[in-house]
Protein chains: 2
Amino acid sequence: MSLEKIPGQVRVIIENVQPEVDGGRYPAKRTVGERVDVTADIFADGHDHVRADVLYKKAGTREWHRTPMVELGNDTWRASFYTTEKTDYVFTVEAWIDHLETWHDGIKKKAQAMLNVKLELLEGAILLERVAGKKEKELIQLATKFRDDKKYLENVEYVQSVEFNELVHKHPLREFENRYKKELVIVVETPKALFSTWYELFPRSAGASGKHGTFKDVIKLLPRVSAMGFDVLYLPPIHPIGKVNRKGKNNNVRAKEGEPGSPWAIGSDEGGHKAIHAELGTLDDYKKLIAEAKKIGIDIALDLAFQCAPDHPYVKEHPEWFKQRPDGSIQYAENPPKKYQDIYPFNFECEDWQGLWNELKSVILYWVEQGVTIFRVDNPHTKPIPFWEWAIAEVHKQHPDVIFLSEAFTRPRIMASLAKSGFTQSYTYFTWRVSKQELMEYMNELVYGPSRNYFRPNFWPNTPDILPYHLQHQGENMFIIRLALAATLSSSYGIYGPPYEFYDNNPVPGKEEYMDSEKYEIKEFNWRRTNRMTDIISIINKARKEHKALQSTWNIQFCSIENDALLAYLKFTDDLSSIILVIVNLDQHNNQHGYVQLPKHVLKLGDKVNVKLHDLMTDEYYTWTQEWNYVELNPHKIPFHLFKLDIHESNM
Amino acid sequence: MSLEKIPGQVRVIIENVQPEVDGGRYPAKRTVGERVDVTADIFADGHDHVRADVLYKKAGTREWHRTPMVELGNDTWRASFYTTEKTDYVFTVEAWIDHLETWHDGIKKKAQAMLNVKLELLEGAILLERVAGKKEKELIQLATKFRDDKKYLENVEYVQSVEFNELVHKHPLREFENRYKKELVIVVETPKALFSTWYELFPRSAGASGKHGTFKDVIKLLPRVSAMGFDVLYLPPIHPIGKVNRKGKNNNVRAKEGEPGSPWAIGSDEGGHKAIHAELGTLDDYKKLIAEAKKIGIDIALDLAFQCAPDHPYVKEHPEWFKQRPDGSIQYAENPPKKYQDIYPFNFECEDWQGLWNELKSVILYWVEQGVTIFRVDNPHTKPIPFWEWAIAEVHKQHPDVIFLSEAFTRPRIMASLAKSGFTQSYTYFTWRVSKQELMEYMNELVYGPSRNYFRPNFWPNTPDILPYHLQHQGENMFIIRLALAATLSSSYGIYGPPYEFYDNNPVPGKEEYMDSEKYEIKEFNWRRTNRMTDIISIINKARKEHKALQSTWNIQFCSIENDALLAYLKFTDDLSSIILVIVNLDQHNNQHGYVQLPKHVLKLGDKVNVKLHDLMTDEYYTWTQEWNYVELNPHKIPFHLFKLDIHESNM
């Protein structure tokens, strides 16, 4: 390689800059106010001192902000910055050999060893002048003083002083800097992307005494949902339901006369993905619901299920978007030998894929125009991932705050890929993580693994599709335990509400499905009833709103506790202004007790511990003066502690 | 993003293709004949079948070779190919959804469930025609047959046959393929890069009775070195030794009259890096040594120490290549408050860095022209890593077989970076890994960690700079154990020979340095003496030459053995034509015994074990008929087994 093309005097190497998702192919994600920890491996030949800065700025602006990196050991360096605006940030790393710092380290050691450092002072003078350029008078004067033999002793003392140490630190001598080749992107999204509290109900069951519920009925339920502290109300599809091959109660292949069918079999002669199921009301009713909900801080989430019933208008208007079989029929969904004749999937490989993509994008934009800001996307993993990457980016161009929740319960790489491609939040395996070990491993993977930079979990103990085995035939304690875990481990969580709060524990035998599932029939609920569960939900969600520590998933630290039935974890803000300690009894039947350890390094506790605890569930107060503290939880009262911690000043 | 720019029908995602070093910034390394395992994460939306190929070719050629990948689980795929030539290879990955295979899987399941598959056969016919294009008559005929209603039963049977399964497998239906964005590079180097056996001696100690040794004396020692089975003879620097500030015996600051100085203090009025120390002989003598060695399969390795004694000609001719101090003197090496006044380092940040780089490159090329093909590079981590990347690439352009061994005992990232930048082999931390746990962890890190693709270890139990604590004041058993480990764990190893084979165990107290180090004085050795060590070295090195399993570092599998003082490992070729089992007693004092487990999956052993073992050290034969087998090792005889394994056919 021609030497002209090499910056040969640059000796510092910068590698492995993080966060970097797939070599920069995808941006890393944050929300407004979140910290970005930038790390890199930085080193050079020899023994000279290396220094490094993180450079960051808002995309499209010119001026870099600089923040100095600190070495963590073994040539790994770190610096952090906070995102303050909802925009893209770019960052990179710059590093250099700092001869002023190297020199300072050397002259200190020599001075301490009582060696003569006259020559070193002259060298220091030259370096100070190099740092100063022509501007810094103070440094020029200092250089002159270093050259003054009469001030030798004074100078020797000064180079060993704290004051001069600070001066050297303040004035990096940047020469032959290396700049990391890439500028990496951080997408900063709305805080709701990270902190949201979801409630799901079927609007058709919102009515009274067996009648088909309507949007107006849902409006009447808003106070209840709000009182429980939810800020997202998610309704399954609200579009006309297919009449051809309609499914009956308990997934019967043929519906009987008058059965309502599954709302996920979208489209009929009454309309498709931009229409509203007439029995629910009108578009105006739906917009009214959105508006009323918004008034009390609730967003209405729309279900985006990109598939068609056989009588969906698309099937006639755009047969080219579906797979034609040799007999002229259209290919229904199947998982051989099983057949799903009520669902026609789109053929994303069709020749008019561009028409299809544009139409689906127009569906999303149509609902955004009606006021929808949150989409729960049904089975995104059965549509091409590149489609989502494009469609979400297109929507975000005009409406950057729109939230997309990926309902993909599938293999890890695919869930990760959807998240990288733009989904704001994702359903998770939490639904099946039950034991202490499983929960800790999974949380540590989510929070400290590479997916932390793009995969935002949303924890659901149940969904209309999933009544997990550990809830089947179980009493209310188990439902409460799972709710408490979801709501405090993850800053976004949700429940498929009515069956959850009323403890529906009755499965199709041998399956993780609800018996008499609401997916295929209208259910009746006593919407005035409150119970132990609704009380607990209300208190927890209030705590989530009031305590910043519960508004992030990324700030967890598990605590040692000598009992496998007890799970303890701390959540805290960087500045420790909000600290929550959660201790959950995972055993729904028995009292469990044990000693929990306060992580002193995290809480910056000194030798004398003095921590006030306020249990937000029971409103009881405690004071802990030891590192290890006794706790006991009776699942028949409240199976968990939700402590707010106050650390007494003398600790710090 | 404009839809025109998106290949919207491509649904397969390819991620995390390996081997990829720093995102493709550096090539991965192999030697001729080595296997390349390519892995990737590959997946698509939905349930369609994905297939994938690795595409590879020699750099600069046009035609890709294809080899099909196999899924290992969780969407990770793998395929392997062998490098057959000493050149660069490029590879990438291609993947697609194979509708023929998806269809085949579906029709089989439906047929097995006794469903009517008439329509499916017609669909199969269409797919077969798509595979066939216009060429494959067989497939066209088959399609016609699938359309023939009269052959329905025959067709249904056929699609379930093994024969048709093979046909589907043989005829991928590649549509809407995705190709990984990068073409990654594999550098394929000479086999000696991986398999080499080093012996180090100071030529000045090669003479008899206290006289300064010469190259001619070294020629006389070649039969001895060869008889022990070494194929690289490495001599410390052979250039004129500085006279100014020369170091004396035991690193004394001032040499006494007549002391020879350290050969690493290079250069005097007699010449510099291209000259030869007169007392060793002439350039012709050196070339004679190279030629004589080559005749018996030994390469002479030159020490490349890019630093200067104060009287090196460069200092006068190119003062601009060194750091000037304010008093006009030249900066010597220091690690404050320590001073190394006999060494001037180059200032790689000087303005004429290009002149310096070119001169140093010319030094390497000069010696290559004299016949040197192997360089042991002294302290490469005190010269800029970008310099090495450039210099090694420049030399390899003309002389691709030249081997560079990096003598960097420093922090892991820097050792890794030097290896990535082009060094063929590297010194390692083996020198300080002693316990069973340490050795296993370190080997597994080297062989199964990411550095496997660029860092080729060369194991040294000692060097002139290092007499490790565990050899100090120890008896010969410990020396033999460490030799056996180095020679069988790593396919490249070396010893600083004479002090090693004669068990020099005498350190500078408290340091890992030799007392009366040969670095500062001429030593006398009885070059006719053989002993237990030289016998063992000869047998081991003979085994290394005869058994391919010992010629790679990458083929190790540790075996369970119920004794922490016993370390057991298998080394084997892919085809199991060469299998070596090594069992080492790490306890130099006591008999140790235990049961070792044969890894049946690796050896493809069935239920009846029948393995013949030939101990290459003792020439004894054993037969093992169990998975677990008793071994006992007396360190005072031979502290290790070196078994050649023969697996009886009936096992396989």
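Residues numbered from 1 in each chain as written. Chains lettered and ligands numbered in written order. Predicted model: local features only at pLDDT ≥ 70, side-chain atom pairs only at ≥ 80, totals over all residues. Heavy atoms only, no water.

### A word on the overall build of chain A
Selection rule: Helix and strand assignments follow DSSP, with helices taken as H or I runs no shorter than four residues and strands as E runs no shorter than two, numbered in order from the N terminus. Exposed residues in this analysis have more than 50% of their type's maximum accessible area, buried residues have under 20%, and partly exposed residues fall in between, with area computed by a 1.4 Å probe over protein chains only. Only the protein chains shown count as cover for residues, and all accessible areas are computed by the Shrake-Rupley method using a 1.4 Å probe. In summary, the charge assignment counts Lys and Arg as positive and Asp and Glu as negative, without counting His or the chain termini. A charged residue contributes its charge at one atom only: NZ of Lys, CZ of Arg, CG of Asp or CD of Glu.
A tally of regular secondary structure across chain A gives 16 helices and 28 strands. In terms of principal-axis extent, the alpha carbons of chain A reach across some 105 × 65 × 45 Å. Expressed as a percentage of the 652 residues in chain A, the buried residues total 60%. Only carbon and sulfur atoms are counted for the fraction: they give 50% of the accessible area of chain A, which is about 26,800 Å². Taking the average place of the 81 positive charges on the side chains of chain A and the average place of its 91 negative ones, the gap between the two points comes to 2 Å.

### Some remarks on the sheet that holds strand β13 (residues 299-304) of chain A
Residue and element names in this part refer to chain A. What counts is decided by this rule: Two strands pair under a simple rule: DSSP has to find at least two bridges between them.
The sheet built from eight strands is open, its strands ordered β19-β18-β17-β16-β13-β12-β11-β20 with parallel pairing. Two strands in the sheet have a free side with no partner beyond their single neighbour: β19 (457-458) and β20 (492-496). Relative to strand β16 (residues 374-378), β13 runs parallel, the two being bridged by four bridges. Bridge assignment links Leu-302 to a residue of β16, and that residue is Phe-375.

### Some remarks on the packing of aromatic side chains
All names here are of chain A. We count it as follows: Aromatic rings from Phe, Tyr and Trp, with only the six-membered ring used for Trp, were paired whenever their centres fell within 6.5 Å, and each pair was classed as stacked if the ring planes differed by under 30 degrees, edge-to-face if by over 60, and tilted otherwise. Cation placement over rings: the criterion is NZ of Lys or CZ of Arg within 6 Å of the ring centroid and within 35° of the ring normal.
A complete count under the given rule lists 92 aromatic pairs over all chains for this structure. Taking the centre distance of 5.9 Å and the plane angle of 10 degrees together, the rings of Phe-306 and Trp-388 count as stacked. Of this pair, Phe-306 sits in the loop between β13 and α8 (313-317) while Trp-388 sits in helix α10 (residues 385-398); the two residues are 82 residues apart in sequence, bridging distant segments of the chain. Note that Lys-57 overlies the ring of Trp-64, its terminal NZ or CZ placed 4.3 Å from the centroid. Of note, Lys-118 hangs over the ring of Tyr-152, and the distance from its end group to the ring centre comes to 5.8 Å.

### Re the relation of the copies chain A and chain B
One copy of the chain maps onto the other through a rotation about an axis plus a displacement along that axis. This is how it is decided: Superposition of the copies used a least-squares fit over C-alpha atoms from residues whose pLDDT is at least 70 in both.
Superposition of chain A onto chain B requires a rotation of 180 degrees combined with a translation of 0.0 Å along the rotation axis, giving an RMSD of 0.1 Å. Such a turn and shift between the copies fits a two-fold axis. Relative to the rotation axis, the C-alpha of Gly-23 of chain A is the closest in chain A, positioned 3.2 Å from it.

### Observations regarding the nonpolar core
Threshold: To form a nonpolar core, buried Ala, Val, Leu, Ile, Met, Phe, Trp, Tyr and Cys residues must be joined to one another through side-chain atoms within 4.5 Å. Contact definition: two residues touch when any of their heavy atoms are within 4.5 Å.
Counting residues in each nonpolar core, the largest one holds 162 residues, and the members touching the most others are Ile-42, Tyr-286 and Phe-375 of chain A. If we skip the residues at most four places from it in the chain, Ile-42 of chain A touches Val-12, Ile-13, Ile-14, Val-50, Ala-52, Met-69, Asp-75, Trp-77, Val-93 and Ala-95 of chain A. Judged by nonpolar contacts, the second largest core, of 160 residues, contains Val-54, Leu-356, Phe-375 and Ala-487 of chain B.

### Observations regarding a nonpolar patch on the surface
Residue and element names in this part refer to chain A. We count it as follows: For patch building, the residue pool is restricted to those with more than 30% relative accessible area and no salt bridge; the joining distance is 9 Å between like charges and 5 Å between nonpolar side chains (Val, Leu, Ile, Met, Phe, Trp, Tyr). The term salt bridge refers to a side-chain nitrogen of Lys or Arg lying within 4 Å of a carboxyl oxygen of Asp or Glu.
A surface patch of nonpolar side chains, about 310 Å² in accessible area, is lined by Tyr-595, Trp-628 and Tyr-630. Along the chain, the position of Tyr-595 falls in strand β24 (residues 592-597). The class for Tyr-595 is partly exposed, based on a relative accessible area of 41%.

### Regarding the environment of Asn-506 of chain A
Residues and elements named next belong to chain A. Within the secondary structure, Asn-506 sits in the loop between α14 (497-501) and α15 (532-546). With a relative accessible area of 36%, Asn-506 lands in the partly exposed category. Each C-alpha atom, one on Asn-506 and one on Tyr-234, is 23 Å from the other, the two residues being 272 residues apart in sequence. Setting aside residues no more than four positions away along its own chain, Asn-506 makes contact with Leu-467, His-473, Glu-513, Tyr-514 and Met-515.

### Observations concerning the domain arrangement of chain A
Interface size, as often reported, equals the accessible area lost upon joining of the parts. Cut-off, in case you're wondering: Domain start and stop points were drawn from an automatic or database domain assignment.
Each assigned domain of chain A is listed here: domain 1 (3-97 + 180-188), domain 2 (100-170), domain 3 (192-238 + 276-306 + 346-550) and domain 4 (555-651). Between the C-alpha centres of domain 1 of chain A and domain 4 of chain A there is a distance of 37 Å.

### Let's talk about the sheet that holds strand β25 (residues 611-615) of chain A
All names here are of chain A. Cut-off, in case you're wondering: Axis lines are fitted to C-alpha atoms, over the contacting stretch for helices. Their N-to-C directions set the angle, which ranges from 0 to 180 degrees.
The strand order β21-β22-β23-β28-β25-β26 describes an open sheet built from six strands, whose pairing is antiparallel. This sheet does not close on itself; its edge strands, each paired only once, are β21 (556-558) and β26 (620-624). Strand after strand, the sheet turns through a mean of 25 degrees between neighbouring axes, direction not considered. Sheet analysis places strand β22 (residues 566-572) next to strand β23 (residues 579-585), joined by seven bridges and oriented antiparallel. For Ala-568, the partnering residue across the bridge sits in β23 and is Ile-583. Relative to the sheet, helix α12 (residues 436-448) contacts β21 and β22, its axis offset from that of β21 by approximately 145 degrees.

### Structural notes on the pairing of strand β25 (residues 611-615) of chain B
The side chains of a regular strand alternate, first on one face of the sheet and then on the other. Residues and elements named next belong to chain B. With four of five residues buried, β25 lies mostly within the body of the structure. Note: β25 against strand β26 (residues 620-624), five bridges, orientation antiparallel. Note on β26: the bridge partner recorded for Val-611 is Trp-624. Between the antiparallel neighbours β25 and β26 lie four residues, among them Asp-619 with a positive phi of about 65 degrees. In terms of strand pairing, β25 meets strand β28 (residues 640-647) through five bridges, oriented antiparallel. Looking across to β28, one finds that Asp-615 is bridged to Phe-643.

### Focus on unusual backbone geometry
A cis geometry characterises the amide bond from Gln-18 of chain A onward to Pro-19 of chain A, with omega recorded as 0 degrees. Among the secondary structure elements, Pro-19 of chain A is positioned in the loop between β1 (12-18) and β2 (28-31). Even without being a glycine, Asp-75 of chain B presents a positive backbone phi close to 70 degrees. Along the chain, Asp-75 of chain B falls in the loop between β6 (70-73) and β7 (76-82). Asp-75 of chain B gets classed as buried once you look at its relative accessible area, which sits at 3%. The backbone of His-473 of chain B shows a phi angle near 60 degrees, a positive value even though the residue is not glycine.

### Some details on the pairing of strand β4 (residues 50-58) of chain B
Residue and element names in this part refer to chain B. Among the nine residues that make up β4, eight are buried, leaving the element largely enclosed by the rest of the structure. The pairing of β4 with strand β8 (residues 88-97) spans nine bridges and is antiparallel. If you follow Lys-57 over to β8, its bridge partner there is Val-90. Examined bridge by bridge, β4 and strand β5 (residues 65-68) share four bridges and lie antiparallel to one another.

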